[in-house]
Amino acid sequence: MRALVWGLVLLLTACVPVAMLRPPEPARGLEASLGVSLFANPFANQDQYPVLLLPYLAVAQGDGQVEFNFSIQWGLRGGVKLGLGPGLALDAGLTVPPLFGPDWSQGVPVVLDGGAILGGDGFYFSPRVHLIGVPTSGGGSWEWAWQASLGTYRRDWVAEVGALGGFGRILIHLSAAWRFGIAP
């Protein structure tokens, strides 16, 4: 039962999956991405759809060294990416659920995530961890999850496959997005 509850928290906070769809190089100027993720429905039974489709929208602004990004994939995620060198960046963010949905009177679920983005020549690998919780005045409850994404990208598109685990199961996702830039 506990795994099901945390699975629901993950789904509601866009952590199933949090599609990265970002190369290791921080944005130069303003960039936008529009895409979709497909993944097996963790709550499916015989009467439900076996695959879920989640749209993805992201905006990033950067100077080539530091990037601030915002994405929506059910939940709302704000993050920062720091370029450490060619093909190496650190990325961290905070995800909150959408304003509509369940009653959040018992606490609003949040996800803190962080990881590295390694790659170059049109490919990347990103290991990351997620701290998922429902903060309350009594401290709330918190759990850890892990994610690994492997992707390929070009100037105007990006695609990735990823795995999310830590709750007694592994969820696989396929994601792709078109990239639009308004760089200087």
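Please refer to the structure placed before this passage.
Throughout, a residue's number is its position along its own chain's written sequence, starting from 1. Residues qualify for local features only when their pLDDT is at least 70, as the model is predicted, and side-chain atom pairs are given and counted only at 80 or more; totals for whole chains, interfaces and linings, by contrast, use all residues. No hydrogens and no water enter the side-chain calculation; it runs on all heavy atoms of the structure.

Thoughts on the environment of Asn41
Convention followed: Secondary structure elements are defined from DSSP: runs of H or I of at least 4 residues count as helices, runs of E of at least 2 residues count as strands, and each element is numbered from the N terminus. Residue contacts follow a heavy-atom distance rule, with two residues in contact if any of their heavy atoms lie within 4.5 Å.
Examined against the element boundaries, Asn41 turns out to sit in the loop between strand S1 (28–40) and strand S2 (51–63). If near-sequence neighbours (up to four positions away) are discounted, Asn41 is found in contact with Gln48, Tyr49, Pro50, Val51 and Leu52.

Concerning the side chain of Gln73
Note the following rule: Pairs of N or O atoms within 3.5 Å make up the polar contacts considered here, provided that, within protein, one atom can donate a hydrogen while the other can accept it, and that residues adjacent in sequence are counted only when both atoms are side-chain atoms.
The topology assignment puts Gln73 in strand S3 (residues 66–73). Engagement of the side chain of Gln73 in a polar contact is seen with the backbone nitrogen of Ala19, the distance being 3.2 Å. Polar side-chain contacts of Gln73 include one of 2.7 Å to the side chain of Ser37.

Considering empty space enclosed by the protein
Threshold: Cavities and pockets were defined on a 1 Å grid built over protein atoms only: a cavity is a set of grid points that admits a 1.4 Å probe from which the probe cannot escape, a pocket is an open set flanked by protein on both sides within 12 Å along at least five of seven lines, and lining residues are those with an atom within 4 Å of any such point. Grid points are joined across faces, edges and corners, and a volume is the space filled by probe spheres set on the points. When residues are sorted by character, Ala, Val, Leu, Ile, Met, Phe, Trp, Tyr, Cys and Pro go into the nonpolar class, Asp, Glu, Lys and Arg into the charged class, and all the rest, Gly among them, into the polar class.
If you walk through the whole model with that rule in mind, you get 2 cavities of 30 Å³ or more. Here the largest cavity defines a volume of roughly 120 Å³. Looking at the largest cavity, it is lined by 17 residues, and the ones nearest its centre are Arg22, Glu31, Ser33, Ala60 and Glu67. Secondary structure elements with two or more residues in the lining of the largest cavity: S1, S2 and S3. Classifying every residue of the lining of the largest cavity gives 9 nonpolar, 2 polar and 6 charged.

Some thoughts on the pairing of S1
Stated formally: Note: two strands are recorded as paired if DSSP finds a minimum of 2 bridges between them.
As judged from the 13 bridges shared by S1 and S2, these two strands associate in the antiparallel manner. Looking at S2, one finds that Ala32 is bridged to Val59. Where S1 lies against strand S10 (residues 170–182), 10 bridges are found, and the strand directions are antiparallel. Bridge pairing in S10 links Gly35 to Ala177.

Quick look at the sheet that holds strand S9 (residues 157–165)
The pairing of strands in a sheet happens through backbone hydrogen bonds and is either parallel or antiparallel. What counts is decided by this rule: In this analysis an axis means a line fitted to C-alpha atoms, helices contributing only their contacting stretch, and an angle means the value between N-to-C directions, from 0 to 180 degrees.
The strand order around the closed barrel formed by 10 strands is S1-S2-S3-S4-S5-S6-S7-S8-S9-S10, and the pairing between neighbours is antiparallel. Going from strand to strand, the sheet's axes swing by 20 degrees on average, the running direction of each strand aside.

Quick notes on the pattern of salt bridges
The cut-off we apply is this: Definition used for salt bridges: Asp or Glu carboxyl oxygen within 4 Å of a side-chain nitrogen of Lys or Arg.
Scanning all chains against the criterion turns up 7 salt bridges. The shortest N-O distance in the salt bridge between Asp113 and Arg128 comes to 2.6 Å. On the criterion of sequence distance, the pair formed by Asp113 in strand S6 (residues 110–120) and Arg128 in strand S7 (residues 123–134) is long-range, its members being 15 residues apart.

Describing the nonpolar core
The following threshold applies: Put simply, a nonpolar core is a bunch of buried Ala, Val, Leu, Ile, Met, Phe, Trp, Tyr and Cys residues held in one set by side-chain atoms that sit within 4.5 Å of each other. Exposed residues in this analysis have more than 50% of their type's maximum accessible area, buried residues have under 20%, and partly exposed residues fall in between, with area computed by a 1.4 Å probe over protein chains only.
Formed by Ala19, Met20, Leu21, Tyr56, Ala58, Ala89, Ile117, Tyr124, Tyr153, Val158 and Ala177, the largest nonpolar core amounts to 11 residues. The contacts of Leu21, once residues within four sequence positions are left out, are Tyr56, Tyr124, Val158, Ala159, Glu160, Ser175, Ala176 and Ala177. Counting 5 residues, the second-largest nonpolar core is a separate cluster that includes Val111, Ile132, Leu164 and Phe167.

Concerning the pairing of S3
With burial as the criterion, only one face of S3 is covered, namely that bearing Glu67, Asn69, Ser71 and Gln73; the residues Val66, Phe68, Phe70 and Ile72 on the opposite face remain uncovered. Bridging between S2 and S3 involves 6 bridges; their strand directions are antiparallel. Directly across from Leu57, in S3, lies its bridge partner Ile72. In this antiparallel pair of consecutive strands, S2 and S3, the connection spans 2 residues, and Gly64 shows a positive phi of 95 degrees. In this structure, S3 lies alongside strand S4 (residues 75–85), joined through 8 bridges in antiparallel fashion. Among the inter-strand pairings, Phe68 is bridged to a residue of S4, identified as Val80. Joining the antiparallel neighbours S3 and S4 is a turn of 1 residue, in which Trp74 adopts a positive phi near 85 degrees.

Regarding the packing of aromatic side chains
To be explicit about the condition: Under the pairing criterion, centres of Phe, Tyr and Trp rings, with the six-membered ring standing for Trp, must be within 6.5 Å; the plane angle then separates stacked pairs below 30 degrees from edge-to-face pairs above 60, leaving the rest tilted.
Enumeration over the complete set of coordinates arrives at 1 aromatic pair. Arranged with centres 6.2 Å apart and planes meeting at 40 degrees, the rings of Tyr124 and Tyr153 form a pair that is tilted. Separated by 29 residues along the polypeptide, Tyr124 in strand S7 and Tyr153 in strand S8 (residues 141–154) bring together distant segments of the chain. Both residues of the pair, Tyr124 and Tyr153, count as buried.

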